[in-house]
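Architecture at a glance
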Amino acid sequence: MERDIHPAVTDAADDIAEMEIRGAATIADAAAAALGEQAEASEAETPEAFRTEIRTAARELHETRPTAVSLPNALRYVLRGMRGETVSELRASVIEGVVEFRRELDHAQDNLGQIGANRLRDGDTIMTHCHSTDALSCVRHALEDGKEISAIVKETRPRKQGHITAKQLRDWDVPVTLIVDNAARRYLDDTDHVLVGADSIAADGSVINKVGTSGLAVNARERGVPIMVAAQTLKFHPGTMTGHTVEIEMRDEAEILPDDEREEIGDVTVENPAFDVTPPRYVDAIVTERGQFPPESVVTLMRELFGDYHASEPWER
Ligand SMILES: O=P(O)(O)OC[C@H]1O[C@H](OP(=O)(O)O)[C@H](O)[C@@H]1O
């Protein structure tokens, strides 16, 4: 069956695993697009062969990274919409589902951005962690509303995605101060909002985001700086409604300690968790395309959105 998988799927899966494609929303978008290419190019001769092919492709994409729930949510969206009696009907339904999913994702990010922008005042300084397209959508809308925004950007070790944020903000003419992660507490005194994204939001309102978010949130709370999480509902983790926890991805040690440096230090254990969990009490608002929510109340919206969720995933059948 493996040979029927389109190169667009294996390439997307490799790029997601290697973080050439990264960021929860971007990963979801790329995975959906790859499923669309699989459907388009499929040479399956029977409906069952077609279904198997799409499920196999979805499984390959699913196995890349475990934490951002936007990925399984995207795959589920497309696979649940797969219907028809013939290969061509099935193909059309998958392609249509992909187009619809990607359109909704763009709309959600745009709507969320407008809602998040309403929280920002003219002249505010934000502090960012990592690179989040949902968070940047809030800044973009605030700028479009004519507000002046400045940014303190944490570089975000070990992969320094803060540089991507800094570049985007500079392209929008936003004044940027880049700091090392360890300087964050000092600069919170100059910050009006901490603004971050999310890879997953749990049913209790916990925010799973790039490692370092929880420490930043605790420090911000101590300093009285509000913490705003920009996360479209695609980031809601349905499994957490039924007692599952969100798996935290452990990445390669070499991201922290390259081999040559390791040789100098000697035999040490290196741990490289990519994400951490910020408890709801440190978060002021979760901004979604459906409005802003205190973290403790997201479960109500999750029930509405995932009411029919059950643990068996469509790509496992
Ligand atoms: O969906 P958007 O808002 O773009 O990004 C959400 C989150 O995804 C990223 O993870 P990684 O860099 O892929 O490990 C960051 O943790 C970021 O906050």
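This is a predicted model, so every value here is computed, not measured.

Comments concerning the pattern of salt bridges
Inspection of the entire model under this criterion finds 17 salt bridges. Across the pair Asp29 and Arg102 runs a salt bridge whose closest N-O atoms are separated by 2.8 Å. Taken together, the residues span a long stretch of sequence, with Asp29 in helix 2 (residues 24–41) and Arg102 in helix 5 (residues 87–119) at a distance of 73 residues. Classification of Arg102 as partly exposed rests on a relative accessible area of 33%. The closest approach of N and O atoms between Glu249 and Arg65, which form a salt bridge, is 2.8 Å. A residue pair is termed long-range when its members are at least 10 positions apart, and Glu249 in the loop between strand 7 (227–230) and helix 10 (259–265) and Arg65 in the loop between helix 3 (47–62) and helix 4 (70–80) qualify at 184 residues. Pair check on accessibility: Glu249 and Arg65 agree, each one buried. A single network of salt bridges, built from pairs that share partners, joins Arg65, Arg159, Glu249, Arg251 and Glu255.

A few points about the sheet that holds strand 8 (residues 275–278)
Strand order across the open sheet formed by three strands is 5-6-8, with antiparallel pairing between neighbours. At either end of the open sheet lies a strand with only one pairing partner, and these are strand 5 (200–201) and strand 8. With four bridges connecting them, strand 6 (residues 207–210) and strand 8 associate as antiparallel partners. Each bridged residue has a counterpart across the sheet, and for Asn209 the counterpart in strand 8 is Asp276.

Remarks on the sheet that holds strand 9 (residues 285–288)
One open sheet accounts for seven strands, arranged 3-2-1-4-7-9-10; its pairing is mixed. Every interior strand has two partners, whereas the edge strands, strand 3 (176–179) and strand 10 (291–293), have only one. Direction aside, neighbouring strands of the sheet carry axes that sit 25 degrees apart on average. When strand 2 (residues 150–154) meets strand 3, the two strands line up parallel, connected through four bridges. Across the sheet, Lys154 pairs through a bridge with Ile179, a residue of strand 3.

Thoughts on the site of the ligand
Taken together, the neighbourhood of the ligand is formed by 19 residues, with Arg22, Ser132, Thr133, Asn209 and Lys210 sitting nearest. Arg65 has a polar side-chain atom sitting 2.8 Å from an oxygen atom of the ligand. Within the side chain of Lys235, a nitrogen or oxygen atom sits 2.9 Å from an oxygen atom of the ligand. Relative to its unbound accessible area of 450 Å², the ligand is 100% covered by the protein chains.

Some words on unusual backbone geometry
For the bond from Arg157 to Pro158, the omega torsion is 0 degrees, close enough to zero to count as cis. On the secondary structure map, Pro158 appears in the loop between strand 2 and helix 7 (162–171). A positive phi angle is found at Met19, which is not glycine, with a value near 65 degrees. Here Met19 shows up in the loop between helix 1 (7–17) and helix 2. Taking relative accessible area as the criterion, Met19 reaches 6% and is therefore assigned buried.

Some details on the domain arrangement of the chain
Looking at the chain, the domain boundaries give domain 1 (2–109) and domain 2 (114–305). Between the C-alpha centres of domain 1 and domain 2 there is a distance of 27 Å. Taken together, the contact pairs 21 residues of domain 1 with 26 residues of domain 2. Considering only the surface of domain 1 that becomes buried against domain 2, Arg22, Thr67 and Gln109 emerge as the three largest contributors, covering 34% of it. Put simply, domain 1 and domain 2 have one salt bridge between them. Taken together, the connections running from domain 1 to domain 2 amount to 13 residue pairs in polar contact (both at pLDDT 80 or more). Within the residue set of the side of domain 1 that touches domain 2, elements represented by two or more residues are helix 2, helix 4 and helix 5. Classifying every residue of the side of domain 1 that touches domain 2 gives twelve nonpolar, five polar and four charged.

Remarks on the pairing of strand 6
Relative to strand 6, strand 5 runs antiparallel, the two being bridged by two bridges. Residue pairing for strand 6: Ile201 is matched across the bridge by Val207. The loop that links strand 5 with its antiparallel partner strand 6 comprises five residues; one of these, Gly205, has a positive phi angle of about 90 degrees.

Description of the state of the cysteines
A full pass over the atoms with the stated rule returns zero disulfides. Lacking any disulfide linkage, Cys130 is separated from the closest cysteine sulfur, that of Cys138, by 15 Å. Residue classification places Cys130 among the buried residues on the basis of a relative accessible area of 7%.

Concerning a negative patch on the surface
There is a patch of like negative charges on the surface, built from Asp252, Asp259, Asp260, Glu261, Glu263 and Glu264. Its relative accessible area of 51% is what places Asp260 among the exposed residues.

Rules behind the numbers
Starting from 1, residues in each chain are numbered consecutively following that chain's sequence as written. Local features in this predicted model are restricted to residues whose pLDDT is 70 or higher, and side-chain atom pairs enter the listing and the counts only when it is 80 or higher, whereas totals over whole chains, interfaces and linings include all residues. Side-chain numbers here rest on the full set of heavy atoms in the structure, without hydrogens or water. Put simply, a salt bridge is a Lys or Arg side-chain nitrogen that is within 4 Å of an Asp or Glu carboxyl oxygen. Note on conventions: DSSP H or I runs of at least 4 residues are helices, E runs of at least 2 residues are strands, and numbering of each starts at the N terminus. Each residue gets one of three labels from its accessible area relative to the maximum for its type: buried under 20%, exposed over 50%, partly exposed in between, using a 1.4 Å probe on protein chains only. Strand pairing requires that DSSP identify at least two bridges connecting the strands. Axis lines are fitted through C-alpha atoms, for helices just across the contact stretch, and the angle between N-to-C directions can take any value from 0 to 180 degrees. Summary of the distance rule: residues count as near a molecule or strand when at least one heavy atom falls within 4 Å of that molecule or strand. Any pair of N or O atoms that falls within 3.5 Å is considered a polar contact. Within protein, one atom must be able to donate a hydrogen and the other to accept it, and sequence-neighbouring residues count only if both atoms are side-chain atoms. Using the Shrake-Rupley algorithm and a 1.4 Å probe, accessible areas are obtained, with residue cover drawn only from the displayed protein chains. Domain start and stop points were drawn from an automatic or database domain assignment. Contact criterion: two residues are considered in contact whenever any of their non-hydrogen atoms come within 4.5 Å of each other. What gets called buried area is simply the loss in accessible area from a 1.4 Å probe that two parts show on being joined, summed for both. Three classes are used: nonpolar for Ala, Val, Leu, Ile, Met, Phe, Trp, Tyr, Cys and Pro, charged for Asp, Glu, Lys and Arg, and polar for all others, with Gly counted as polar. Any pair of cysteine sulfurs within 2.5 Å is marked as a disulfide. Every patch collects residues that have over 30% relative accessible area and no salt bridge, joining them within 9 Å if they carry like charges and within 5 Å if they are nonpolar side chains (Val, Leu, Ile, Met, Phe, Trp, Tyr). Charge assignment in this entry is limited to Lys and Arg as positive and Asp and Glu as negative, and neither His nor the chain termini are counted. Taken as the charge centre is NZ of Lys, CZ of Arg, CG of Asp or CD of Glu, depending on the residue.

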